[in-house]
Amino acid sequence: MNKQDIPIYKAAQDLFKQILASSGQAPREVRGDIVPILRASARDLVVAVAQAKFFPEYRKALLADVRMGVTAVHEYAKMAYDMRCLTKNGFELILEHCESVSRQANGWANKVL
């Protein structure tokens, strides 16, 4: 990856890692519902960032996917928190990472447009 694009990829990976760490303590009865969706959404976000880097001809559309993906992760995290699958601290850290990825995706998209 190009040096200038590494921060968004790292931020997306950090978001994914935070979700893995924060969702591991979810109650068993609800973990099977929302946690896999939250984890998959975060994983897809990391992949979309990588694809945006390696496929410049699709970058504009992929960055739109990244921005929508951040919104999805944010909403799933909110649901997971409401269902007591995330601690308050874990939820707040996830939101910080979401904000970081969103800011960087917007900045990158503005360069592309």
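Heads up: the structure comes first, above all this text.
Okay, so let's go over this structure. (Residues numbered from 1 in each chain as written. Predicted model: local features only at pLDDT ≥ 70, side-chain atom pairs only at ≥ 80, totals over all residues. Heavy atoms only, no water.)

Attention shifts here to the overall build of the protein chain. Each helix and strand counted, the protein chain has four helices and zero strands in total. Along the protein chain, from the amino end to the carboxyl end, the secondary structure elements read α-α-α-α. On C-alpha atoms alone, the protein chain measures out to a radius of gyration of 14 Å, which is about the 13 Å that the 2.2 N^0.38 rule sets for 113 residues. Once the C-alpha set of the protein chain is aligned to its principal axes, its extents read approximately 45 × 20 × 20 Å. When each of the 113 residues of the protein chain is scored for burial, the buried share is 38%. Relative to all contacts within the protein chain whose residues are 6 or more apart in sequence, the contacts with residues 24 or more apart total 73%. Accessible area of the protein chain: about 6,500 Å², with a carbon and sulfur share of 53%. (Helix = DSSP H or I, 4+ residues; strand = E, 2+ residues; numbered from the N terminus. Rg over C-alpha atoms; globule rule 2.2 N^0.38 Å. Buried < 20%, exposed > 50% of the residue type's maximum accessible area, 1.4 Å probe, protein only. Contact = heavy atoms within 4.5 Å. Areas by Shrake-Rupley, 256 points an atom, 1.4 Å probe, with all protein chains shown as cover.)

Bringing helix α3 (residues 59-82) into the picture now. The end-to-end C-alpha separation of α3 is 34 Å, in line with the 34 Å expected for 24 residues at 1.5 Å each. Burial in α3 covers these residues: Arg-59, Leu-62, Leu-63, Val-66, Gly-69, Val-70, Val-73, Ala-77 and Ala-80. Just downstream of α3, Arg-84 is the residue with a positive phi angle, here 65°. (Expected span 1.5 Å × (residues − 1).)

Moving on, we get to the pattern of salt bridges. Counting across every chain of the model gives four salt bridges. Glu-75 is the salt-bridge partner of Lys-78, the closest N and O atoms lying 3.7 Å from each other. Here Lys-78 pairs with Glu-75, and both are found in helix α3, just three residues apart, close to one helical turn. Look at Glu-75 and you get partly exposed, because its relative accessible area is 33%. (Salt bridge = Lys/Arg side-chain N within 4 Å of Asp/Glu carboxyl O.)

Running from amino to carboxyl end, α3 crosses helix α4 (residues 88-112) at an angle of 165°, the nearest separation of the two axes being 10 Å. By the angle between their directions, the pair α3 and α4 is classed as roughly antiparallel. Between α3 and α4 the crossing geometry is left-handed. Here Arg-59, Lys-60, Leu-63, Val-66, Arg-67, Val-70, Val-73, His-74, Ala-77, Lys-78 and Tyr-81 of α3 lie close against α4, whose contacting residues are Lys-88, Phe-91, Ile-94, Leu-95, Cys-98, Val-101, Ser-102, Ala-105, Asn-106, Trp-108, Ala-109 and Val-112. Its residues assigned to classes, the contact of α3 with α4 comprises 15 nonpolar, three polar and five charged. (Axes fitted to C-alpha atoms, helices over the stretch in contact; angles between N-to-C directions. Parallel < 35°, antiparallel > 145°, perpendicular 65-115°, else oblique. Left-handed = near helix turned anticlockwise from the far one by under 90°. Nonpolar A, V, L, I, M, F, W, Y, C, P; charged D, E, K, R; others polar.)

This next bit is on the packing of helix α1 (residues 6-23) against α4. Helix packing for two helices is described by the angle between their axes and how far apart those axes are. With their axes 9 Å apart at the nearest point, α1 and α4 run at an angle of 160° to one another. Classed by the angle they form, the pair α1 and α4 counts as roughly antiparallel. Here the hand of the crossing between α1 and α4 comes out left-handed. Residues Pro-7, Ile-8, Ala-11, Ala-12, Asp-14, Leu-15, Gln-18, Ile-19 and Ser-22 of α1 form the contact with α4, whose own contacting residues are Gly-90, Leu-93, Ile-94, His-97, Cys-98, Ser-100, Val-101, Gln-104, Ala-105 and Trp-108. Looking at the contact of α1 with α4 residue by residue, the class counts come to twelve nonpolar, six polar and one charged.

Keep in mind these values describe shape, not function.
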